[in-house]
Structures are given as structure tokens and as C-alpha cells.
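# Per-entry structural report
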Amino acid sequence: MRRVSIAGLLAVAALVGALLTTADGARPDAYDLRGRSGSLGQITLIGFDDGAAYVSAERLASLLKGTWTAKGSRGALTVGNRTAQFVKDQPRVLIQGQPVTLDAPPRLGAAGWLLPESFLTKGLGRLTPGTGAVAVMDSKRPKAVKASIPFEELRFRSYPSFTRVVVETGGSVSYAVVAAGQEIRVRLPGLLLTGGRTEEIADGLVKEVRLEPSGSDAVLRVVLESAAGEIRDSVLQDPFRLVLDIYRPKESGGIERGRGGMEPLRLVVLDAGHGGHDPGAIGPSGVMEKDVVLDVTRRVARMAEDGLGIKMVLTRSTDVFVPLRERTNFANKRRADLFVSIHANAHPRAVSEGVETYFLSSEASDSEARQTAAIENGVVQLESPASRQKGDVLKSILWDLAQSEFQQESSFMAETVLDSMTQSLKLVNRGVKQAGFYVLGGAAMPAILIEVGFLTNRKEEKKLATAEYREAVARAIYAGLAEYKRRYDQRLRTVQTLPARAEPTGKREGSR
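Residues numbered from 1 in each chain as written. Predicted model: local features only at pLDDT ≥ 70, side-chain atom pairs only at ≥ 80, totals over all residues. Heavy atoms only, no water.

## Section: the sheet that holds strand β15 (residues 176-180)
As summarised here, the arrangement of the 5 strands in space is β15-β16-β20-β19-β18, forming an open sheet in which the pairing is antiparallel. The open sheet has two edge strands with one neighbour each: β15 and β18 (197-200). The mean inter-strand angle of the sheet, taken between neighbouring strand axes irrespective of direction, is 15°. Of the strand pairs in this sheet, strand β16 (residues 183-188) and strand β20 (residues 217-224) are connected by 6 bridges, and their pairing is antiparallel. When the bridges of β20 are listed, R185 appears paired with R221. (Pairing = 2+ DSSP bridges. Helix = DSSP H or I, 4+ residues; strand = E, 2+ residues; numbered from the N terminus. Axes fitted to C-alpha atoms, helices over the stretch in contact; angles between N-to-C directions.)

Structure follows, in C-alpha cells:
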């Protein structure tokens, strides 16, 4: 290792620039900063797959006994009474008002602001001439890093204003995000990937995502269909995962709603549970849940469109299988105002009877609610390997739990619909419950699940097998939605009459 101490600007630029590589041409993997009193410490390079190398702005400021401040797209490194001013994605830096052009622009990554390696050679001497010199030198060849972090899953969700991409891993992984034209690239050092993964999204913003091996690392490539707005990245634990949110232009942070976050109800997505090779619950006489709920759902849609003037869209209108996560993705892409999933219940005790409604929560309201959710979530085992969620299903729900904002409204809708059903059908009211239903996960709107009866109860199975009773069930659900809309419209009118100075604010978008 060679170290130098430089007294002036020209010496810094000449000596450090000449010593950027070792004799065999390898780029240094770290630099040692030295001042009058000796070593200030070591700073490590962060490499990108486009060949560029960067250092952490906060780490550099700490070593120089200076400060780093950033706001929006601008950042400043201050040492003593001298300041270097940076602008994200622009290669020119102003040092005491004098421009210096760097080899690459600053970037914003997982470690915060990243400054290009060339700042160490072209700008550091100008920033710190009075501190005695600062030289940068540690020309070790980078050690090969063996991929050792297990890859678990690549998944996504399409929301009205953004698309979320998640890479789940078996351990903590570092990363760096680079946006370049119609592609966003994320390098994941040390992520063990045996082959490429591709997910087609095609939601008008993101065309597809590809996770590919790159030496001992992995690279996530997000291919855009249209220009993106803000890009947000974060890491979460239990399980470990990288979350990348790509926003549509002018909608970063959520879609602004009307006063109080309310707008008239225009579109409702009705979801008939199960379908295709997934029959759902099967009664003692062979009546299948998938057939019962599809018939009921069609009837509700017809009644609501005729009686409420709201557009009703079905996740399935025929006997086909739809993966669970695609059901709320479907609603999100259409910017639905409500999501209603219709099912028929099952229980080991054949005497169990009645109706119940659910909204999403990470904690089940009771053991029976937990058991019902487990039965419905078991559908993921029937999905194709490409779409099947691995591991703990509940964790798969929590990674994009957008319902926290809508829990109160979902609870209100569930209660209104349940009251209508029990009063109209004279059935046992089993109550409004909450549980971790995967089919409700990720819905960026109020969402409920209705259990219209128990197919495992011979009496209820017999009724649900008839067209007349299914019509009655559909009419009871329709009446509940009509009552919910009446109360919703009443609140909307109240909000709209508030004085402008008292106008509440709100946003319509799900949280992570």
C-alpha cells in the first residue's frame, strides 16, 4: 500500500489521479484518507454494474470531521468554512462557487447519497486545502465475493398510483438503485441466484421485472412501459426483503381525493371465490362453492348496476381459476372504489350455520376466524409454481398490507352488509370478524369478504343449491351495498358542504 500526503490542489489531483489503479490495473476497493495528523480512516467504494464507483457522502463527511446535509435533489458537504454543493444526477459540483465537472453524477441509494469516485481526485483537494492535505490511497485488488444470501421470491403488486416490486431474501442484502431511461436497475451483491426470474406486469407503468445473476451478484431490472415519477426504495425484515415502489408521474405519494378524501362511488369489483380446478368447499351432496358464489356474484352485479348506477366488474364471470393476488391486482389496476369477495363457508362441525363478514387484519379476531382464513388461504397451494407464494402466507400478506388505511371503512361496510343479510334472510348472525385473508391483501380500497353460509351444513347446502335462495342471498348483499352507498353519499354531501377553511384533507392510497 502506498500513501501520500499532499499540500496543495495540483499535487492532490496529480498524485491521487496517478495512483487510482494498481500495477496490474485493478480498481481499488477502498481508499485511506490522510491528513496532517495521519490517517483519518478508510472509505469503501460502492460499485455499480455500469462500472461506476461511489463513496458514501455521510461516511466521507464523518471522516473529514465535516457535515453532510441534503434536501430533495440537492446535497452539500461542508468541511470547516468550505462547502461543495451537489445536485442529484448532475456531474457538476460547485466548490466555494467554482464549478468542477466529475466523471459521473451523484446518486441516491440504499446508503443515502453517493458521491462519484472522481470527487476524491478532482474535488477533495479544493474542499480541504487548509486542513493539510488529504490523500486517498489503498490500492488492494477487490476480493471476490461469493454469493451466499439465499433468494426466496420475486413478487409485485399494481396499485392505482404506483407499482410495488419486492425481492424477498434469506438474509440482509445491500443494494444500489440506478434509473436509466426506460429501465431501473438494482444491484444486489452476494445474492445467490441459480437462474433468471421474470414477472410480466404490463399495468401501463411497468412492463416487466427481471432478476438475473451477474457474477457473484444479482441484478433486478425493472422495464418501464411509460415514464416513471418518484422511485422509493426500502428494506424490511421478518422476512428480509427489498421493496421498490415506482410511482406514476404527478401521483407520487398517492392520488389526491376530494374533500375529506372522499369521492362518489363509481366502480366496485365483485370477486367470486375459487373457480376452475379449485372447487372450494364441497357440501355432503356435492354442491361446490365455486358454482354457488359465481351465480350469487353475477346476480349481485346485475342488481347493483340496475339499481345503484355503479359500474360492477367481476374478477371472474366464468368457471376459471384466478390466483389470489391477481384478484386485488385486478381491482387496483381499475382503480376500484370497493372490493367485495364472496365465498361459502365450511367447518368440521356440520351443525355450524349462519353468515359472517370479514375485513383484513394481521391478527385474527378469534380462533374460528383464523381457521376460516387458513382454509381460504390454502388456495395458494393450487396455484402455478410461478405465482404460488412460498413460506408463511401471513407474511406474504403483510409485505404490502395496504388495508391499514381502509380498515375503518372496510369494517363499516362489512357491518352494513352483514346486517342486511341477517335481517333479510333470517339467518344466524356470526358477526363481523377480521383475519389475514390473502385474497384481500394489497387492495388499495375498502375490501371485505362475505361468507354466505355453510356448505358443510346439510340444511344450508340444500338451500344454496337452489336458484331461488341464491337470488335471495344476492338481493340481501345488494341491499347491504345499497345501504352502504346511501350512508356513504350522506357523508360525502356533509363533507362537501363544509366551509373551505374547515376542509379536511386526505389521500387515497395504501401503505406498505
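That was the structure; now back to the text.
## Notes on the environment of Q237
Mapped onto the secondary structure, Q237 falls in the loop between β21 (231-236) and β22 (240-247). The spacing of Q237 and S172 is 65 residues in sequence and 8.0 Å in space, taken between C-alpha atoms.

## Let's talk about the environment of E289
With respect to the helices and strands, E289 occurs in helix α5 (residues 289-308). Using a relative accessible area of 2% as the deciding quantity, one classes E289 as buried. Taking the C-alpha atoms as reference points, E289 and H343, separated by 54 residues in sequence, lie 7.0 Å from one another. (Buried < 20%, exposed > 50% of the residue type's maximum accessible area, 1.4 Å probe, protein only.)

## Section: the sheet that holds strand β28 (residues 429-435)
Read across the open sheet, the 6 strands follow the order β25-β24-β26-β29-β27-β28; overall the sheet is mixed. In the strand order of this sheet, the two ends are held by β25 (311-314) and β28, each with one partner. Each strand of the sheet is rotated relative to its neighbour by a mean of 25°, with strand direction disregarded. Where strand β27 (residues 355-360) meets strand β29 (residues 447-454), 3 bridges bridge the pair, whose relative direction is antiparallel.

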